[in-house]
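The residues making up each chain are set out below.
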Amino acid sequence: MRALQLLADRDLALAQRDPPPPPAPGEVQLRVRCVGLNHIDVWGFRGMAFAKRLFPLAVGAEAACEVVALGDGVTTLRPGDRVVPYAALVCGTCRECRRRRENLCENVGGVRGFHIDGFAQDLTNHPARLVAKIPDGVDLRDAACVAVAYATVEHMLFDNAQLEPGETILVQAGGSGIGSIAIRVAKALGCTVITTVGSDDKAAKARDLGADHVINYRTDRFEGVVRRLTARKGVDVVFEHTGADTWAGSLLSLKRGGRLVTCGATSGPSASLNLMQLFQQQYRIIGSFGSPLSALGRALDRIASGVRPVIDAVYPLEDFQAGLARLESRDVFGKLLVEL
Ligand SMILES: [Zn+2]
């Protein structure tokens, strides 16, 4: 069978590999159909000094799969079921797992496709307790956007920012995989959506998604436009993931008591914070990373109800690296996928 393997930092190759053994008790064997690309794949490809891992390592953290075999004791799934696997091998028994806050697990056995073997291979075994079933009517490409991107948005907007109908939200980088999903989810909820993009072409696409106001951050200071659009009040929620370039402006865009939720720092990890501004304005700043397992099911249900992710392009497995290069260049609008 095929496996797309990272042999060393920045050295990716398509190889033939023996198929996995039959699934162990509690595991399922999955045929991988579609893999979603995310910034975690870019970090994994470049290499990160603190990530301990053994090469070769199959890449791919986000996937949609079909169950092909069951290990002993698996009663919740059947061969032919379509599933989305949760990428982190969380323990299921620690205090945080028992509270269903798996993204705070105290004993994570690694993130698939990053620390340990991932999903860019034809077949792989995975714990049956760590999958979400794909509802009928949701196609595999849409489902392949869920485990990392859509579930991250779900967790940020609802568990963390507690976004409510009628609120105003600023979505940074509306053309990104998660930004485009956030626009659609917030609009479906009944929010007013302001978003930033880096080109006029992306601005038109963001308007097509339903964004009420689109700001080209290369030609306008977005925080000034946001204050004008909100009659100087600011927005209820800022959806952040761009980091250093936008941090100060994002805070200036918040109204008193507003919430800023962030899951990334693609433009750089360091920014300053005015503590006077933080407490006087009563901001709530919330870090968000990954999602609990329940967010995968909620995201899939939201897709089934018609709030679909935005897919920019689908590549064959051998072009995974070309997809990574596009993601790194930010020349995307929506999600990039790889089909097996
Ligand atoms: Zn745990």
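In short, a report on the structure. Remember, it's a predicted structure, so these values are computed and weren't measured experimentally.

1. Concerning the overall build of the protein chain
When helices and strands are counted, the protein chain shows 11 helices and 16 strands. For the C-alpha atoms alone, the extent of the protein chain along its principal axes is close to 60 × 40 × 40 Å. Relative to its 340 residues, the protein chain shows a buried fraction of 53%. Looking at the protein chain as shown, the accessible area adds up to about 14800 Å², and 50% of this sits on carbon and sulfur atoms.

2. With respect to the pairing of strand 3 (residues 27–36)
Counting buried residues in strand 3 gives 7 out of 10 residues, a clear majority hidden from the surface. Relative to strand 16 (residues 335–339), strand 3 runs antiparallel, the two being bridged by 3 bridges. Bridged to V35 within strand 16 is V338.

3. A short note on the coordination of the zinc ion
Those donors, C91 (SG), C94 (SG), C97 (SG) and C105 (SG), are the protein atoms that reach the zinc ion, and they lie 2.3 to 2.4 Å from it. The coordination sphere of the zinc ion comprises 4 donor atoms, whose angles at the metal cover 104 to 119°; the geometry is tetrahedral. Each donor residue of the zinc ion belongs to the same chain, with the gaps between them written as C-x2-C-x2-C-x7-C.

4. What to know about the nonpolar core
Grouped together as the largest cluster of nonpolar side chains are 62 residues, with contacts concentrated most on L157, I169, F239 and L296. Going through the elements one at a time, helix 3 (140–143), helix 4 (146–160), strand 9 (168–171), helix 5 (177–189), strand 10 (192–197), helix 6 (200–209), strand 12 (235–240) and helix 10 (294–304) are the ones with two or more residues in this core. A total of 9 residues in this core trace back to one element, the largest contributor, which is helix 4. V35, V59, F119 and F320 belong to the second largest nonpolar core, which has 30 residues in total.

5. Comments concerning the packing of helix 4 against helix 10
Two packed helices can be described by the angle between their axes and the distance between those axes. Across the interface, helix 4 lies against helix 10 with an axial gap of 8 Å and an inter-helix angle of 95°. For the element pair helix 4 / helix 10, the angle class is roughly perpendicular. Across the interface between the two elements, V146, A147, Y150, A151, E154, F158 and D159 from helix 4 touch A295, L296, R298, A299, L300, R302 and I303 from helix 10.

6. Quick look at the packing of aromatic side chains
Given two aromatic rings, their pairing is described by the distance between the two centres and the angle made by the two planes. The full count for this structure, using the stated rule, is 0 aromatic pairs. Residue placement shows R112 over the ring face of F119; its charged tip is 4.3 Å from the ring centre.

7. Things to note about the pattern of salt bridges
Per the counting criterion, the structure on display carries 21 salt bridges. Close ionic contact of R17 with D117 constitutes a salt bridge, the shortest N to O distance being 2.6 Å. Separated by 100 residues along the polypeptide, R17 in the loop between strand 2 (11–16) and strand 3 and D117 in the loop between helix 2 (95–98) and strand 7 (123–127) bring together distant segments of the chain. D117 gets classed as partly exposed once you look at its relative accessible area, which sits at 27%. With its nearest N and O atoms 3.5 Å apart, the salt bridge here joins R308 to D139. With R308 in the loop between helix 10 and strand 15 (311–316) and D139 in the loop between strand 8 (131–133) and helix 3, this residue pair connects regions lying 169 residues apart in the sequence. Under the relative-accessibility criterion, R308 is labelled partly exposed at 41%. What emerges from the salt-bridge pattern is a single network uniting E154, D159, R298 and R302.

8. Overview of the side chain of E102
When you line up the elements, E102 lands in the loop between helix 2 and strand 7. Within the buried set, E102 has no salt-bridge partner at all; the shortest N-O distance to an opposite charge, 5.1 Å, is to R100. In terms of polar contacts, E102 uses its side chain to reach the backbone amide nitrogen of L293, at 3.1 Å. Among all residues touching E102, those that are not within four sequence positions of it are Y86, V90, E96, C97, P292 and L293.

9. Remarks on the sheet that holds strand 1 (residues 2–8)
One open sheet accounts for 3 strands, arranged 2-1-4; its pairing is antiparallel. The open sheet terminates on both sides in strands that have one partner only, identified here as strand 2 and strand 4 (57–58).

Reading the values: rules and limits
Residues numbered from 1 in each chain as written. Predicted model: local features only at pLDDT ≥ 70, side-chain atom pairs only at ≥ 80, totals over all residues. Heavy atoms only, no water. Helix = DSSP H or I, 4+ residues; strand = E, 2+ residues; numbered from the N terminus. Buried < 20%, exposed > 50% of the residue type's maximum accessible area, 1.4 Å probe, protein only. Areas by Shrake-Rupley, 256 points an atom, 1.4 Å probe, with all protein chains shown as cover. Pairing = 2+ DSSP bridges. Donors = N, O, S within 2.8 Å, 3.2 Å for Na, K, Ca; no water. Tetrahedral: all angles 85-135°; square planar, octahedral: opposite > 155°, others 65-115°. Core = buried A, V, L, I, M, F, W, Y, C linked by side-chain atoms within 4.5 Å. Axes fitted to C-alpha atoms, helices over the stretch in contact; angles between N-to-C directions. Parallel < 35°, antiparallel > 145°, perpendicular 65-115°, else oblique. Contact = heavy atoms within 4.5 Å. Phe/Tyr/Trp six-rings, centres within 6.5 Å; stacked < 30°, edge-to-face > 60°. Lys NZ or Arg CZ within 6 Å of the ring centre and 35° of its normal. Salt bridge = Lys/Arg side-chain N within 4 Å of Asp/Glu carboxyl O. Lys, Arg positive; Asp, Glu negative; His and termini not counted. Polar contact = N/O pair within 3.5 Å; in protein donor to acceptor, adjacent residues only side chain to side chain.

The quantities given are spatial measurements derived from coordinates; they are silent on function.
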